[in-house]
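Listed below are the residues making up each chain.
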Amino acid sequence: MGMLERRLLVSLGMLLLPVLCFTRTSKVSGDAGSDAQSTLPHFLMEPEDAYIIKSNPVKLKCRAVPALQIFFKCNGEWVHQNQHSSQEYLDESTGQRVREVVINVTRQQVEDFHGPEDYWCLCVAWSHLGTSKSRKATVRIAYLRKNFEQDPQGKEVPIKGMIVLHCRPPEGVPLAEVEWLKNEELVSSLTDDNIDTRADHNLIINEARLSDSGNYTCLASNIVAKRRSATATVVVFVNGGWSLWTEWSPCNVNCGRGIQKRTRTCTNPAPLNGGSFCEGMSVQKITCNALCPVDGGWDEWADWSTCSVQCERQRARECTAPAPRHRGKTCEGESQATENCTGGLCTESMEGTNDVALYSGLAAGVIAVAVLVVAVTLYRKNQSEYGVDVIDSSALTGGFQSFNFKTTRQGNPLLLNSSMQPDLTVGQTYSSPICFQDSIDKELFDPLPDIKVKVQSSFMVSLGVADRAEYHVKAHPETFPRGLDRDCHTMDSRKKNLTLLSQSAALTTGKLPPRTTGVFGHLGGRLVVPNTGVSLLVSHGSIAEDTSWEMYMVINQKEPSVRAAEGYEILLAPEVTYGPPGLDLSFPVAMTIAHCAEVNAANWNIQLKRQAKDNKWEEVMSVEDESTSCYCLMEANCCHVLLDQPGSYALVGEALNEEAVKRMKLAVFGSVEPNSTDYSLRVYCVDDTPYAFQGVVTTETSKGGQLLEEPKILLFKGNTLSLQVSIQDLPQFLWNIKPFTTCQEFSFSQVWCSNQQPLHCAFLLERYSSATTQLSCKISVRQVKGHEQILQVYTSVAESEKQTVPYFMQADCTVTSHTGAKAFKIPLSIRQRICATFDTANAKGKDWQLLAQQLHIERNLSYFAKQRSPSAVILSLWEAQNQDNGDLDSLASALEEIGKINSKHQLKSPEEPRQDYNQ
């Protein structure tokens, strides 16, 4: 029998079944009421749409009255009677019999159906009058895909801006419902009118608030599962706004032309969450003219009064020629005078005779002094204009030697195996002396023999300065060669003396702060903190004769305290303290501190600050202002400060705009991890000062690290953009890098406000095979939208080749102070002659002001005018500026120029006098 014939017989049986059942039911319930027999079936319950979850079947129910039979029909075909589960009961309220039928629909049945529509079922109920059909109920398999059709994307939105996060949930049956989570907490638009979550699953925040910053997640769910989208980070930022201008400050000078300034801060509001810094200047300056003090002067005496009965007469005078004004001094002396008016006839003693003898003696003394003054004046007038030889030409050629320990890379590009290593202590920028050599002989400063001099002019003859090109001197056997002397070994000798290196490393890694001390007397001296770019010069004559002071200089290694003074100021150099307190000096000391700023007055506001007794920091001066209490000379890499008071000082800077630049030194070190084949690369980013880099050297010395590339300089702008460090060109078949470390990032504030503290990140590399002994890659360090530097790494990681790189080219130098002539480039006799000559002004202006001009010291001359010996202070500043040079060439050049100016003055008529700062 064919399949078609079987299906016909089954259909025929199903059609006859209701008739047979009807006949049987009629016999059983023949006594039913006429109302029940005369109506069509009415459904009390119809089958509902259902979803199959996983492999669990669903139940479909039908309930009808009156009903002789109820059968399900699914997808147009009758469900077999054996698959029905039916029951019948009497409804007591109506007296009618209620029939209920239940069938199960399995997942397999739904999956096997391939029709044009979803799987469906309905109920058919029979009564004496006919049949009734229920609604169609669909049966579907429930599911929810894993991947969202659209994940929300992170945004950076200004405050009060609109935030729209889009979300399209995964495909699913039934459709997924969407909820939003913020930091794992449910977001509801019912409790916050500012939030709308009803628009096509999207999250809309009408006006962004700071509290709306967070991590947002789209949560989709139906009866099967829940799905989470990728997290979207929303940052609500605030762009900075300027506060109101402060009042103009008082004029910074008491007399003459000065400067007033006013400031404003980027705090209205302050930039938050990466918001842009305020545009424009934070400091405004204008010139001002302070009225100079006018000291009072006595007017002429008035006439004597008539003689009184006491035989006395009186006269008076007033302090009105001129009257004191603008903080000027009042007149000194008496305003009234009294004398006897009878020639002594009213007295009975010989007091008048004694007075005549006294006045006669005083008159004779005054005449003697006047004669002596005239004699001295005539004697000096007969001398040459400068009177004495100012400079011994031999001394100009044999000054204080400098030491530059910079070496070049040679041969093999594998830096670790090269014969010469880079000098990490000094770096590319600094060549200042690291320490003093105690073997410098005093005779170095004496006039050298075998001198041939070519005279340029009559003025040069009077100064004793010869043409430098014609100098021929014999080298003293104890003078330094151009390399290193016996106390500071070369790299080769350093490799032979590892004991000294380990001793120095132990000394460097100690917990005591960098400190140096020295005992100084009338001859003065110099203090140097090794490997930090910090030194202190005490000039000759600063300390009184027969007096000595034990002076010290310390660098603060704790968390910098000066940065708490102003929120936007950063430390550009280490905090330095010199003492002792109560130090009494006749001349200011010259302190030199290396800094890391690219100096530009339009981009920086740089100030020198001093720590007060209450530990608060107060401004001493701005480097662009003029002051009579302090002098500050900014150079490209260091700052020279003339100070009168001991204490703690710091150089701080405030960026005036986004073009302000801070120099950062980059270095990469490497070492094999203990008990492992992994290799660690450590990249450091530090302020470009010797002291800051010394912290890196100390750390790597303790780790046994190796320098893999010469340090490089990165110019980091104050534009609020971060610094990214990434590793590139790593051989993938030889090395594997740990996940999520290929690119690392420092925030802007971490780099900009590092305050002399080193920053570093590490790349941990894993060798696939222990036979791999070579590592080559590139380290890229770049500021976003800014400067980039590439550190090339090419090194051997073989165990047999591991050695600690000798970082210190002068690790065994321990002399950090020198006293007397050894500390200065200018011999004492020459210094005294220069001071004696230039401290005296003359009609043609060849005084200390001309000396300062020729030495390129052209600002804040009023500071020198207040000194007891302006020339001595100028020479101390020159000594500080040129401590890393080996001769007196610049000073000799300045004196030659003064000689040329002298010759011109002899040929031309005098010009209008310059402003005199000595007044």
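Note that the structure is a prediction, hence the values are computed from the model and not measured.

1. So, the overall build of the protein chain
Here's step 1: From N to C terminus, the protein chain includes 15 helices and 48 strands.
Here's step 2: Taking all 919 residues of the protein chain together, 44% fall into the buried category.
Here's step 3: Counting contacts in the protein chain only where the partners sit at least 6 residues apart, residues at least 24 apart contribute 71% of the total.
Here's step 4: By element, 51% of the accessible surface of the protein chain is carried by carbon and sulfur atoms, the whole surface being about 48,200 Å².

2. Looking at the nonpolar core
Here's step 1: Core analysis: the biggest nonpolar cluster contains 70 residues, and Tyr578, Leu681 and Ile779 have the highest contact counts within it.
Here's step 2: In this structure, Ile779 is in contact with Leu681, Val683, Val725, Ser726, Ile727, Phe763, Gln789, Ile790, Leu791 and Val793, ignoring residues within four places of it in sequence.
Here's step 3: One finds Ala590, Ala823, Phe824 and Leu895 within the second-largest nonpolar core, a separate group that totals 35 residues.

3. Thoughts on the confidence of the model for the protein chain
Here's step 1: Per-residue confidence for the protein chain gives a mean pLDDT of 77; residues scoring 70 or more make up 73%.
Here's step 2: Long-range and interchain partners of residues 15-34, a stretch whose pLDDT sits below 50, account for 10 contacts in this model, where long-range means more than four residues apart.
Here's step 3: Confidence drops under a pLDDT of 50 for residues 909-913, and excluding neighbours within four residues, the segment shows 0 contacts in the predicted structure.

4. Quick word on unusual backbone geometry
Note: most peptide bonds trans; most residues except glycine with negative phi.
Here's step 1: Cis peptide bonds are those with omega within 30 degrees of zero, and the linkage from Val65 to Pro66 qualifies with -20°.
Here's step 2: Looking at the secondary structure, you find Pro66 in the loop between β3 (58-65) and β4 (69-74).
Here's step 3: With omega at 20°, the peptide bond leading from Gly579 into Pro580 counts as cis.
Here's step 4: Tracing the backbone through its elements, the reader meets Pro580 in the loop between β31 (576-579) and β32 (589-594).
Here's step 5: Non-glycine residue Arg327 carries a positive phi angle of around 70°.
Here's step 6: You can see Arg327 is positioned in the loop between β24 (312-316) and β25 (336-340).

5. Considerations on helix α9 (residues 690-703)
Here's step 1: Between the first and last C-alpha of α9 there are 20 Å, a value that for 14 residues agrees with the 20 Å anticipated at 1.5 Å per step.
Here's step 2: Within the sequence span of α9, burial applies to Pro690, Tyr691, Ala692, Phe693, Gln694, Val696, Val697, Thr698, Glu700 and Thr701.
Here's step 3: Directly after α9, the chain includes Gly704, whose backbone phi takes a positive value near 70°.

6. Some details on the environment of Val187
Here's step 1: As for its placement among the helices and strands, Val187 is situated in strand β16 (residues 185-187).
Here's step 2: The spacing of Val187 and Leu203 is 16 residues in sequence and 9.3 Å in space, taken between C-alpha atoms.
Here's step 3: Once residues lying within four places of it in the same chain are set aside, the contact partners of Val187 are Trp180, Leu181, Lys182, Ile195 and Leu203.

7. Quick look at a nonpolar patch on the surface
Here's step 1: A surface patch of nonpolar side chains, amounting to about 230 Å² of accessible area, comprises Ile159, Leu210 and Leu272.
Here's step 2: Inspection of the secondary structure puts Leu210 in the loop between β18 (203-205) and β19 (214-221).
Here's step 3: Here Leu210 falls in the partly exposed class, since its relative accessible area comes to 38%.

8. Section: the packing of aromatic side chains
Here's step 1: Counted under the stated rule, the structure contains 15 aromatic pairs.
Here's step 2: Their ring planes at 75° and their centres at 5.7 Å tell us that Phe71 and Trp126 sit as a pair that is edge-to-face. Of this pair, Phe71 sits in strand β4 while Trp126 sits in strand β8 (residues 119-127); the two residues are 55 residues apart in sequence, bridging distant segments of the chain. Here the two residues Phe71 and Trp126 agree in accessibility, since each one is buried.
Here's step 3: Taken together, the aromatic side chains of Trp604, Phe716, Phe748 and Trp752 make up a single cluster linked through ring pairs.

9. Side note on empty space enclosed by the protein
Here's step 1: Taken as a whole, this structure holds 2 cavities of 30 Å³ or more when the rule is applied.
Here's step 2: Counted as a void, the second largest cavity has a volume near 30 Å³.
Here's step 3: Taken together, Trp242, Arg264, Thr265, Cys266, Phe277, Ser282, Tyr568, Glu654 and Ala655 form the lining of the second largest cavity.
Here's step 4: Taken together, the residues of the lining of the second largest cavity sort by class into 5 nonpolar, 2 polar and 2 charged.

10. What to know about the pairing of strand β47 (residues 788-796)
Here's step 1: Pairing geometry for strand β46 (residues 774-783) and β47, over 9 bridges, is antiparallel. Among the inter-strand pairings, Lys778 is bridged to a residue of β47, identified as Gln792.
Here's step 2: In this antiparallel pair of consecutive strands, β46 and β47, the connection spans 4 residues, and Lys785 shows a positive phi of 60°.

11. Topic: the environment of Gln314
Here's step 1: Here Gln314 is to be found in strand β24.
Here's step 2: Here the alpha-carbon distance between Gln314 and Gln336, two residues 22 residues apart in the chain, equals 7.2 Å.

12. Re the state of the cysteines
Here's step 1: What the rule picks out here adds up to 8 disulfides.
Here's step 2: Here Cys255 engages in a disulfide with Cys292; their sulfurs sit 1.8 Å apart. The disulfide joining Cys255 to Cys292 has a torsion of about 80° about its S-S bond and is therefore right-handed. Linking Cys255 in the loop between β21 (232-237) and β22 (256-263) with Cys292 in the loop between β23 (283-290) and β24, this pair joins segments that are 37 residues apart in sequence.
Here's step 3: The exposure class of Cys255 is partly exposed, given its relative accessible area of 41%.
Here's step 4: With no disulfide partner, Cys638 has as its closest neighbouring cysteine sulfur the one in Cys639, 7.7 Å distant.
Here's step 5: The class for Cys638 is buried, based on a relative accessible area of 16%.
Here's step 6: Not part of a disulfide, Cys761 finds its nearest cysteine sulfur in Cys685, a span of 9.1 Å.

13. Some remarks on the sheet that holds strand β7 (residues 96-105)
Here's step 1: The strand order across the open sheet formed by 4 strands is β1-β3-β7-β6, and the pairing between neighbours is antiparallel. At either margin of the open sheet sits one strand with a lone partner, and together these are β1 (42-45) and β6 (85-91). Taken over all neighbouring pairs, the strand axes of this sheet differ in orientation by 30° on average, direction set aside.
Here's step 2: Sheet topology note: the β1/β3 ladder contains 3 bridges and is antiparallel.

14. Quick word on the sheet that holds β18
Here's step 1: Ordered by their spatial adjacency, 3 strands build an open sheet running β13-β18-β17, and the pairing between neighbours is antiparallel. Of all the strands in the sheet, the pair left with one neighbour each is β13 (163-165) and β17 (195-196).
Here's step 2: Across 3 bridges, β13 lies against β18 in antiparallel orientation. Bridge pairing links Ile163 to Ile205 in β18.

15. With respect to the packing of helix α11 (residues 828-838) against helix α14 (residues 870-881)
Here's step 1: Closest axis-to-axis distance for the α11/α14 pair is 8 Å, and the angle between their directions is 135°. One way to sum up the angle between α11 and α14 is to call them oblique. Viewed along their axes, α11 and α14 form a crossing whose handedness is right-handed. Taking contact as the criterion, the partners of Arg831, Ile834, Cys835 and Phe838 in α11 are, on α14, Ser871, Ala872, Leu875 and Ser876.
Here's step 2: Here the residues of the contact of α11 with α14 are counted per class, giving 5 nonpolar, 2 polar and 1 charged.

16. Focus on the pairing of β8
Here's step 1: Across the 9 residues of β8, 9 count as buried, placing the element largely inside the fold.
Here's step 2: Residues Tyr119, Cys121, Cys123, Ala125 and Ser127 line one face of β8 and the alternating positions Trp120, Leu122, Val124 and Trp126 line the opposite face, and both faces are buried.
Here's step 3: Two elements, β4 and β8, share 6 bridges in a ladder whose sense is antiparallel. Note on β8: the bridge partner recorded for Phe71 is Val124.
Here's step 4: Here 3 bridges tie β8 to strand β10 (residues 137-141), and the two strands are oriented antiparallel to one another. The residue of β10 that forms the bridge with Trp120 is Thr138.
Here's step 5: The sheet contact formed by β8 and strand β9 (residues 130-133) spans 4 bridges and is antiparallel. Bridging across to β9, Ala125 finds its partner in Ser132.
Here's step 6: What sits between β8 and β9 in their antiparallel hairpin is a turn of 2 residues.

17. Thoughts on α11
Note: α-helices contain 3.6 residues per turn, so residues at a spacing of three or four share the same orientation.
Here's step 1: Of the positions making up α11, those classed as buried are Ile830, Arg831, Ile834, Cys835, Thr837 and Phe838. All buried residues of α11 project into a common sector of 165° when viewed along the axis, lining one side.

Conventions and cut-offs
- Residues numbered from 1 in each chain as written.
- Predicted model: local features only at pLDDT ≥ 70, side-chain atom pairs only at ≥ 80, totals over all residues.
- Heavy atoms only, no water.
- Helix = DSSP H or I, 4+ residues; strand = E, 2+ residues; numbered from the N terminus.
- Buried < 20%, exposed > 50% of the residue type's maximum accessible area, 1.4 Å probe, protein only.
- Contact = heavy atoms within 4.5 Å.
- Areas by Shrake-Rupley, 256 points an atom, 1.4 Å probe, with all protein chains shown as cover.
- Core = buried A, V, L, I, M, F, W, Y, C linked by side-chain atoms within 4.5 Å.
- pLDDT = per-residue confidence, 0-100.
- Expected span 1.5 Å × (residues − 1).
- Patch = residues over 30% accessible without salt bridge, like charges linked within 9 Å, V, L, I, M, F, W, Y side chains within 5 Å.
- Salt bridge = Lys/Arg side-chain N within 4 Å of Asp/Glu carboxyl O.
- Phe/Tyr/Trp six-rings, centres within 6.5 Å; stacked < 30°, edge-to-face > 60°.
- 1 Å grid on protein atoms, 1.4 Å probe; cavity = no way out; pocket = protein on both sides within 12 Å on 5 of 7 lines; lining within 4 Å.
- Points joined across faces, edges and corners; volume = space filled by probe spheres on them.
- Nonpolar A, V, L, I, M, F, W, Y, C, P; charged D, E, K, R; others polar.
- Pairing = 2+ DSSP bridges.
- Disulfide = S-S within 2.5 Å.
- Axes fitted to C-alpha atoms, helices over the stretch in contact; angles between N-to-C directions.
- Parallel < 35°, antiparallel > 145°, perpendicular 65-115°, else oblique.
- Left-handed = near helix turned anticlockwise from the far one by under 90°.
- Arc of directions from axis to C-beta.

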